[in-house]
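# Reading the structure
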Amino acid sequence: MKDRVVKMMKSMLLLLILLGVVSGRRTQLFKGLPATCTVEENAAAGVSVYTFNVTVSPMSSEGVEILPTIVNSNPLTEAFDIETKGNLEYRVVTTGNPVLDYETMPKSFDLQIFIEDTSGRTDLNTLTVRLIDKNERPVFRGNIAIQTVMIYVLEGTPPERIYQVNATDPENAELKYSLLPAPVPFLVLESGDIFSTKEFDYEKDQRCYFLNITVTDPDGLDSTKTVNINIINIDDETPYFTTKQRIYRIPEEQSPGTFVANLTAKDPDDEDSPSRLFYSIQSSDRYFSINPSTGVLQVTGRIDRDALPLRLHPNISVIVRVEDSPTGGHASEMEITIIIDDINDNPPECDPSTFRKEADESTIAGTFLLDLRNYCKDIDVDPSNNQFNFTGLSGFGSNNFALESAVSGRLVMTESIDLEHPANLGVEVYSLTVRVQDIACPSYSNIIYIYIRIKPVNEFFPVFGNLSYEFSVPEITKVGSSIGKVNARDKDWPPSVITYSIVAGGGTRGYTNIFWISPTKGDVKILARLDYETTQKHILTVQASDQEKTATASVTVNVLEVNDEEPVCSPNFYSFQIPVSLAVGTNINGFRIECKDRDSDPRSFRYFINEGNVNNHFTFSPSAGSNVSRLILASRFNYDSGLDTNWVYRLRVHITDDNLLSTRDKSAHLIKTGTVTLSIRVIPNPTTAITTTPGFTVVTKRGNLYSDSAWYVPFVITFGSLLLLGLLGYLGFLLTTWVRTHRPPAGRADSTLLINAPEKKKPKKEVVVTMTKLNTVFDGEARDPVTGKMYEFNTLSGARRWKKSNELLQPVPAVQVTSNVTDDGGQGTDRAEATSKKEPSRKMKEPTAQTKPAAKLSAERSETPGQDQLRLQKPKEEPEDRGLFSPAPQGRYQPPLPK
């Protein structure tokens, strides 16, 4: 860009000068111009080409205004310039840019030179410069012209052209090539081709050559360049092993990495440098490996001289290969032999290493038991390494055994063993150890374990702890319960397993048997219900056996009586009719019940109505202390006022056998209950005379027939009893809760709930009774207007009693009892509810009797058993002169009231 600007400025200057020359005054100012001159090609910068002078006009006092300047050249060039020499003398010189070249540039240049003096005169003349040709040196072309050429020749290459030298002459003259030094295996042709004259061997010949190539023109001018020729080594030689040893010896069981041998080799191709060889094992050997770079042979796998195939052939042959290339090249192989030496590396071993032997406790001393050498061996190959001995017999009881010798390994018993002897502590198995050990060092060893079991001999009979056993069992004990245990042992060790059996008196073969004994534990159990009333004592013979010897003992089972029989009454069902106007205190239809109990006194009976006695119209007299009692009308019927609504009464009567028990005993003793059902129909007053119709009694008797073969009967009875017992227990819990929350105020009765649910052995009736005891305080006295006898009474409740107790009483209603019983043939638990005492009603015309079942006969009473004092309140409107027991009009009885 800068050159273009300069050229433009020069062109503008030239144009201005030409215009000035044309328009100005032109004067001859140059001396020596125009002219023609010559210059040689390739002239250096600053070479003078032509010299000229300038003439200044006398009128120009200040000299030259514009120095001589080349304003144009034909052809255009910047190869020339004008310099001042002084005193108005100037010269044309070469600039060297570009260098003048005769062969490539024009042969002549016309230079137009302009000048102007201070007076404004100008002059323009031409200098013609002709080039003169000059002989130049030849010039190399290509890489050789700028650097030393490196040529590589592989060894073994036959003579051939290896390089082409290229040079030119500026005058296009013919050139000649030559090389120095002369005695080298190369030549250069006139065409510039360099040839090798031999086949090079890298290992024998010179490996580097420096050739000076000279090119010369016909005038003798020349140029020289250097060519460097290197001989390249190739892999043309076979490596060879330098190790001479072929046999090596190592012990067996060397650890991996153990050095075996260092195999070395050489390659003639690498004599002047470390060989780059590669080693490998050609044989399929699993014991050794070789370092591919160093040739070091090492152990890589376990070498066991005692295992096949080395046990038979201890020599290992290894073929080692050396190569001069990892991918295949020249190679050599060598076979070496490695001998494996045996060492003592195996302990003696026994198969099996654990022995179990048996000997009777009666075995005599000196008896042979075991030959250990038959089971032990040492697998080392060398005989000096496979010899062993047996030593170190030890263990618990080892004093009873011995080894005949260390070499033989025969185990014998030194003395017999009695297991029952205290010194042997009852040990059955003796644990022994024997050491089997190498004779050669390092004396490896193993332990043999021997377990000798001494088989016991049954020498003693079983012996019972007692010659006879006696057990007492309540008759209500549940079936399957254990009633006692027998025990027998013998002196044998270990203790024999004793089995028990009943051989007489009870047996164990059928269900009909009453007793059973556990064969292993000796527990005696019952298989059926015991009955004191049938059998009070059972005598059994029990046998103990140790499978070989037996012993017997006597077992006596005493059956204890328990109140397990319920009262049975006749009749147990009765149905009749009564008129609505029947008098209070009347024995209804002359009805009476008579009760029996197999295990209770007749005086223990107590009677109460548990169910159906609405408004307490009925009661029994006597209520306790007798096996006979009568049904009494306790209060009149009142249908007119609506107090009574029932015309049919179905009474459930309970008879318990607890009358002779105290309150404390009742909570601990078993109580049984019988049941009687009564059906009473009340007949309204007829419009005509009532025809007396004799009553009738329907007695239904049911019995359970039990057969030994009917196994399901006790099962069904027991299962049903358990279900009913659970239900009634829950109802009893609810009743107890209700009684506690509704307990009467102080001075009234306490409630006690008795529940009896024994296991059924035959058809019986069971009753649960609730008794309310009335602690009556007699705070007043009066005289009966009929008999004139004195009686005591309670002003609050109206209860009365005779002041003297030596007179018989007529049965009068005094208590009210409600009960709930099961069906005739069933077994269960009844629930009884205690009736609450009612206060006398002032609005009622006739008060309701206050009733309470007696817990036992009062201490103040002197009446005989079977009788009871009953007291009734007398209405105020009745005459006072009526006796206490006199009948009231229309068959009704009105007791006097206290005054």
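Higher on the page you've got the structure.
Residues numbered from 1 in each chain as written. Predicted model: local features only at pLDDT ≥ 70, side-chain atom pairs only at ≥ 80, totals over all residues. Heavy atoms only, no water.

## Points about the packing of aromatic side chains
Counted under the stated rule, the structure contains 24 aromatic pairs. Relative to Phe471, the ring of Tyr469 lies with its centre 6.3 Å away and its plane at 35°, an arrangement referred to as tilted. Each member of the aromatic cluster is reached from another via a ring pair, and the members are Phe618, Phe637, Tyr639, Trp647 and Tyr649. Over the ring of Tyr102 we find Lys107, and its NZ or CZ is 4.6 Å from the ring centre. Over the ring of Phe461 we find Lys549, and its NZ or CZ is 5.5 Å from the ring centre. (Phe/Tyr/Trp six-rings, centres within 6.5 Å; stacked < 30°, edge-to-face > 60°. Lys NZ or Arg CZ within 6 Å of the ring centre and 35° of its normal.)

## Observations concerning the pattern of salt bridges
The final tally for this structure, using the stated rule, is 16 salt bridges. Among the ionic pairs, Arg137 bridges to Asp222, the shortest N-O distance being 3.6 Å. Taken together, the residues Arg137 in the loop between strand E9 (121-132) and strand E10 (139-141) and Asp222 in strand E18 (residues 222-232) connect sequence positions 85 residues apart. By relative accessible area, which is 29% here, Asp222 ends up partly exposed. Residues Arg603 and Asp601 are paired through a salt bridge, measuring 3.1 Å at the closest nitrogen-oxygen approach. (Salt bridge = Lys/Arg side-chain N within 4 Å of Asp/Glu carboxyl O. Helix = DSSP H or I, 4+ residues; strand = E, 2+ residues; numbered from the N terminus. Buried < 20%, exposed > 50% of the residue type's maximum accessible area, 1.4 Å probe, protein only.)

## Quick look at the sheet that holds strand E38 (residues 468-474)
Strand order in the open sheet made by the four strands is E38-E45-E44-E41, with mixed pairing throughout. Whereas interior strands pair on both sides, the edge strands pair on one side only; in this sheet they are E38 and strand E41 (499-504). Averaged over neighbouring strand pairs, the angle between their axes works out to 30° when direction is ignored. In terms of strand pairing, E38 meets strand E45 (residues 550-560) through seven bridges, oriented parallel. Note that in E45 the partner of Phe471 across the bridge is Val557. (Pairing = 2+ DSSP bridges. Axes fitted to C-alpha atoms, helices over the stretch in contact; angles between N-to-C directions.)

## Things to note about unusual backbone geometry
Across residues other than glycine, the phi torsion is negative in most instances, and most of the peptide bonds are trans. Here the bond from Cys441 into Pro442 is cis, since omega is 5°, no more than 30 degrees from zero. Take Pro442: it is sitting in the loop between strand E35 (429-438) and strand E36 (445-455). Of note, the amide linkage connecting Ser621 to Pro622 takes the cis form, showing an omega dihedral of -5°. As for its placement among the helices and strands, Pro622 is situated in the loop between strand E50 (618-621) and strand E51 (628-633). We note that Gln547 has phi near 80°; this positive angle belongs to a residue other than glycine. Mapped onto the elements of the fold, Gln547 is located in the loop between strand E44 (537-545) and E45. Here Gln547 falls in the exposed class, since its relative accessible area comes to 59%.

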